[in-house]
Amino acid sequence: MLTTIAQAVINGLLIGGIYALVSIGVTLIFGVVKIVNFAQGEFVMIGMYISYFLAASFGIDPLVSLCISMPALFVIGVLLQHFLLRRVLALGDMPQIFLTFALSLLLVNLALLLFTADYRTVQTPYSETAVHLGALYIPVAKLIAFAVAMVLSGLLWVFLHTTDLGRAMRAAAQNRDVAMLMGINPDRVFCVAVGLALALAGAAGSLLMPFYPAYPLVGQVFVLMAFVAVVLGTLGNVTGALIASLMMGVAESLGIQFVGADSGLIVVFAMLLLTLAFRPNGLFGGWSR
Amino acid sequence: MEPVKKGLISRSGLWVGVLAAVALVLPLLVSSTFAIDIFIRILLFAFIGVAWNLMGGYAKQLSLGHAAYFGLGAYTSTILLIRYGVSPWIGMLAGGVVAMLASLPIGALCFRLRGPYFAIATIATAQVLMLLFLKFRDFAWGAEGTTMPNLGDAPLMMQFDGKAPYYYVVLALLAIGLAITYRIERSWMGYYLVAVGEDEDAAEAIGVDAIRIKRNIYLISAFLTALAGTFYVQYIYFIDPNTAFSFNVSVEAALVSIVGGIGTLWGPVVGTVLLEATSALLQSWLGGGHGGIQLTVYSLILIAVILCRPAGLIGLLTDAYDRVVHAGAARVKEVPLDG
């Protein structure tokens, strides 16, 4: 029993690391640019296809192609902010949400058109191997993904707290008008924030590739989780999103283990609705409110 | 809203009459079942859009979970029909009532949230209902779903030979939805709704009970959406949780309104006609086998509309109409409600 619980907790934490990369991206964009990016999952999908094609064509390991998918998505993020999001900043919630929503629809269907609905997988030497800790079983690919995810989250934290640009970003998140009065160039800060958020999504995609298939709709699995995590962790709060993602990974995994294979999501959504009922601003307070 | 000149009222009344007449004779002129099927889809989604628009357009509560009510309506009438032999006409109203009852706790939970929080919470409620219905295997057929019993030509059981009767049923639904919207738009409730949509705090400060207004409009919106759910499963003769609680229904309801123009009487209709007609045309040009191209074009239209005409396309139509009708004269323009 205890082993079962421990195993479920480990499985949950490992996948929670991936959720964290996605939800940190969502919360970063929301915190700084004040837009909820419904297309964040599709950028995970793009990261996966980048790694898939690099592996299929040139035999590049997904962990190496991480170094290509992240910068590529950073550039896409800067372009996204500069050409699309910037133009709806002054409009209300509704056009903003629908713009990113339309973008999600567009990317999914372009992927369907270009890559078909086939599931694509990459086999790596470590795809099937696992570490045994007593009775516990830890798949290596997921362990690596989790470790890299935590390192990237840590680097983001360091960036936000020690560099001028990072501080400018947090300032813009706290109060955009005052930050502008202090001479912060919002366009630049916004572009970098969206770029970083997408780079994290790209990293999530590459890290998933050794143990998760790529297909056009794959992003929706992760974006729903990310939304819940971001609300639990308070929209705009990066540390909150990280902790909430790990919690949700564990909750989902315990739900699957003890309530039934199709019940993981019910547990997660129940958590969301309870939180909204009792702590509508999330569990951790935040930058933005 | 400014008092409108008498002449214009009769003129717009005339246009509605012409439109209604065209809609009524359309199935007599067009014999292709393919075309009638498209008309039915257009009318159905326009109706769902009209129901959504009451909530999302006038009160500006961005719900992305209207599939919850669509699904509850669909399941209520189906369970009543198959388990108890109750006519879907009655089941349709029962489904509406169930949806209204469900909207009370959902509203109580979600109305405390604003903007994106509200949108995410409504997505979650619809998803939870879908997951629950996937689990109700004995009671509601689980993931496999069920087909409707085929009763032949049984108008009393909402089953018909051919597609034209379905067309008239959904046309009537749309007319009811538009009539309700028209009434609300011109009542005190409409003004309160717009006030809440514009600035909730300011509305409360001048004595509008925002929570009550939102709850009331949510009841109406949920009721109408449930009617659409019953109609849809009766029309396609099949129900399962993924159809009934499809996220696409929630999205489509909002999209057609956004493209047409939220908070306007005809916005959802204009939006649906444009989007559905485009996708039907694409389908007939390209045929099957090009998975994705339809929705690709669809989403491009959407992005273009949001970037270029965030108030919706209906503004283009009214502008053009004004230019033609009042060329040179003082122009009476409909002020878009979301400014």
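Residues numbered from 1 in each chain as written. Chains lettered and ligands numbered in written order. Predicted model: local features only at pLDDT ≥ 70, side-chain atom pairs only at ≥ 80, totals over all residues.

Draft legend 1. Region of the structure containing the overall build of chain B. In terms of helices and strands, chain B carries 15 helices and two strands. For 339 residues, the compact-globule estimate of 2.2 N^0.38 gives 20 Å, and the C-alpha radius of gyration of chain B, at 20 Å, lies within 12% of that figure. Overall size of chain B, expressed as C-alpha extent along the three principal axes, is 65 × 50 × 40 Å. The burial tally for chain B puts 46% of its 339 residues in the buried class. Within chain B, contacts between residues separated by at least 24 positions form 74% of all contacts whose residues are at least 6 apart in sequence. (Helix = DSSP H or I, 4+ residues; strand = E, 2+ residues; numbered from the N terminus. Rg over C-alpha atoms; globule rule 2.2 N^0.38 Å. Buried ≥ 20, exposed ≤ 12 C-beta atoms within 10 Å, placed from the backbone. Contact = placed C-beta atoms within 7 Å.)

Draft legend 2. Examining the overall build of chain A more closely. Per the secondary structure count, chain A includes 11 helices and two strands. Along chain A, helices (α) and strands (β) appear in the sequence α-α-α-α-β-β-α-α-α-α-α-α-α when read from the amino end. With respect to the three principal axes, the spread of C-alpha positions in chain A is 60 × 50 × 35 Å. Looking at chain A as a whole, 54% of its 289 residues qualify as buried. Considering only residue pairs separated by 6 or more positions, chain A has 77% of its internal contacts joining residues 24 or more positions apart.

Draft legend 3. The nonpolar core, seen in detail. One finds Ala 193 of chain A together with Val 170 of chain B to be the most contacted residues of the largest nonpolar core, which totals 203 residues. In terms of residue count, the dominant contributor to this core is helix α8 (residues 186-208) of chain A (16 residues). Sequence-distant contacts of Val 170 of chain B, that is, excluding residues within four places in its chain, are made with Ile 40, Leu 43, Leu 44, Phe 47 and Phe 231 of chain B. (Core = buried A, V, L, I, M, F, W, Y, C linked by C-beta atoms within 7 Å.)

Draft legend 4. Broad picture of helix α10 (residues 210-236) of chain B. All names here are of chain B. With 27 residues, α10 should reach 39 Å at 1.5 Å per residue; the first-to-last C-alpha distance of 39 Å fits that figure. Across the 27 residues of α10, 20 count as buried, placing the element largely inside the fold. Immediately beyond the C-terminal end of α10, within one or two residues, lies Tyr 237, with a positive phi of roughly 60°. (Expected span 1.5 Å × (residues − 1).)

Draft legend 5. View of unusual backbone geometry. Residue and element names in this part refer to chain B. We note that Trp 141 has phi near 70°; this positive angle belongs to a residue other than glycine. Note that Trp 141 resides in the loop between α6 (137-140) and β1 (146-147). In this structure, Tyr 237 is a non-glycine residue whose phi angle is positive, near 60°. Mapping Tyr 237 onto the fold places it in the loop between α10 and β2 (238-239).

Draft legend 6. Summary view of the interface of chain B and chain A. At the junction of the two partners, chain B supplies 29 residues and chain A supplies 31 residues. Every element with two or more residues in the side of chain B that touches chain A is listed here: α5 (115-135) and α14 (293-308) of chain B. A per-element tally of the side of chain B that touches chain A places α5 of chain B first, with 11 residues. Looking at side-chain class alone, the side of chain B that touches chain A contains 22 nonpolar, six polar and one charged residues. (Nonpolar A, V, L, I, M, F, W, Y, C, P; charged D, E, K, R; others polar.)

Draft legend 7. A look at the packing of helix α3 (residues 62-83) of chain A against α8 of chain A. Residues and elements named next belong to chain A. For the pair α3 and α8, the least separation of the axes is 7 Å and the interaxial angle reads 150°. Considering only the axes of α3 and α8, their crossing is right-handed. A per-class count over the contact of α3 with α8 returns 19 nonpolar, nine polar and no charged. (Axes fitted to C-alpha atoms, helices over the stretch in contact; angles between N-to-C directions. Left-handed = near helix turned anticlockwise from the far one by under 90°.)

Draft legend 8. Inspection of helix α3 (residues 67-84) of chain B at higher detail. Residues and elements named next belong to chain B. Helix length check: α3 (18 residues) gives 25 Å between terminal C-alpha atoms against 26 Å at 1.5 Å per residue, within 8%. The element α3 is extensively covered by neighbouring structure, given that 14 of its 18 residues are classed as buried. At the C-terminal side of α3, Gly 85 shows a positive phi close to 65°.

Draft legend 9. Local environment of the pairing of strand β1 (residues 130-133) of chain A. Residue and element names in this part refer to chain A. Taken together, the four bridges between β1 and strand β2 (residues 136-139) define a ladder with antiparallel strand orientation. Its bridge partner lying in β2, Leu 133 is registered against Leu 136. Counting the residues that bridge the hairpin from β1 to β2 gives two residues, and of these Gly 134 lies at a positive phi of roughly 60°. (Pairing = 2+ DSSP bridges.)

Draft legend 10. How the structure looks around the environment of Ile 138 of chain A. Relative to the helices and strands, Ile 138 of chain A resides in strand β2. Not counting residues within four places of it along the chain, the set of residues in contact with Ile 138 of chain A comprises Ile 10, Ala 130, Val 131, Leu 133 and Leu 143 of chain A.

Draft legend 11. Representation of the confidence of the model for chain B in the model. Residue and element names in this part refer to chain B. This prediction gives chain B a mean pLDDT of 85; 91% of its residues lie at or above 70. Across residues 1-6, where pLDDT falls below 50, the model places three contacts with residues more than four positions away in sequence or in other chains. Across the whole predicted complex the pTM is 0.85, and at the interface the ipTM reaches 0.83. (pLDDT = per-residue confidence, 0-100.)

Draft legend 12. The packing of helix α13 (residues 267-286) of chain B against α14 of chain B, seen in detail. Residue and element names in this part refer to chain B. Where α13 contacts α14, the two axes come as close as 9 Å, and the packing angle between them is 145°. Of the two possible hands of crossing, α13 and α14 adopt the one that is right-handed. Across the interface between the two elements, Leu 275, Thr 278, Ser 279, Leu 282, Gln 283 and Leu 286 of α13 pack against Ile 293, Gln 294, Val 297, Tyr 298 and Ile 301 of α14. Class assignment for the residues of the contact of α13 with α14 results in seven nonpolar, four polar and no charged.

Draft legend 13. Structural detail: the environment of Met 225 of chain A. All names here are of chain A. Note on placement: Met 225 falls in helix α9 (residues 218-232). When the C-alpha positions of Met 225 and Val 26 are compared, they lie 11 Å apart, and in sequence the two are 199 residues distant. Residue contacts for Met 225: discarding those within four places in its chain leaves Tyr 19, Met 248 and Val 268.

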